[in-house]
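Listed below, chain by chain, are the residues.
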Amino acid sequence: MYAGSAWWRALTDRAAAEYRDVACDNILDCADASGLALGALRIGQRRIILYPIAPGWSEVAATAATLGCEVLADRPPAVDMAERGAVRRLHSWLHPRTTLGDSDNSLS
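The paragraphs below set out a description of the structure included in this document. Note that the structure is a prediction, hence the values are computed from the model and not measured.

Here glycine 39 lies in helix α2 (residues 34-42). For the pair glycine 39 and serine 5, spaced 34 residues apart in the sequence, the C-alpha separation amounts to 7.1 Å.

Pasting the structure below:
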C-alpha cells in the first residue's frame, strides 16, 4: 500500500516476466484503504486484501465480484521482511524453490 497500486503492478508484472517458472500469489494489501482497493481493481489487480472495517467495504467487494476479482478479509501467511530475523526465515519459506547460496535462482 505504501508505494501505491501502480507501483505494485509494475513490480509484480516485471517479476512474473523475469521468473516465469516461479509461482507467485499476487495479492495487494490495501488494509482499510477502500479508495486504493478500487484503484487497484481498476488497473487490473485480481486479488486484494481489504479489512472488513474499511469504509465502503461492501461496495468494493461488489465491484470486485463483477470484475471476477477476489477480496480477502485477512492476510494469508507470509514472511514479513520488516520483522526481526526475517532473512533467516526466508529460505525456509521459499524452499524448495531455492537453495541457500544458489546464485542461479537468485530472487534479487
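In this section: the sheet that holds strand β2 (residues 47-49). Read across the open sheet, the three strands follow the order β1-β2-β3; overall the sheet is parallel. With partners counted over all chains shown, the strands left at the sheet margins are β1 (28-29) and β3 (70-72), one partner each.

Soluble, globular proteins show a tendency: their nonpolar side chains are buried together. Ranked by internal contacts, the top residues of the largest apolar core, which has 13 residues, are Cys30, Ala37, Leu41, Ile48, Leu50 and Val60. Put simply, the parts of the chain that give this core at least two residues each are α2 and α3 (57-67). Ranked by the residues each element gives to this core, the list is headed by α2, at four residues.

Close approach of charged atoms lets side chains of opposite charge pair. Under the criterion given, the structure shown has six salt bridges. A salt bridge links arginine 47 to aspartate 25; the nearest nitrogen and oxygen atoms lie 2.3 Å apart. Taken together, the residues arginine 47 in strand β2 and aspartate 25 in the loop between α1 (5-18) and β1 connect sequence positions 22 residues apart. Residue arginine 47 is classed as partly exposed on the basis of its relative accessible area, which comes to 23%.

The rules we used
Residues numbered from 1 in each chain as written. Predicted model: local features only at pLDDT ≥ 70, side-chain atom pairs only at ≥ 80, totals over all residues. Heavy atoms only, no water. Helix = DSSP H or I, 4+ residues; strand = E, 2+ residues; numbered from the N terminus. Pairing = 2+ DSSP bridges. Core = buried A, V, L, I, M, F, W, Y, C linked by side-chain atoms within 4.5 Å. Buried < 20%, exposed > 50% of the residue type's maximum accessible area, 1.4 Å probe, protein only. Salt bridge = Lys/Arg side-chain N within 4 Å of Asp/Glu carboxyl O.

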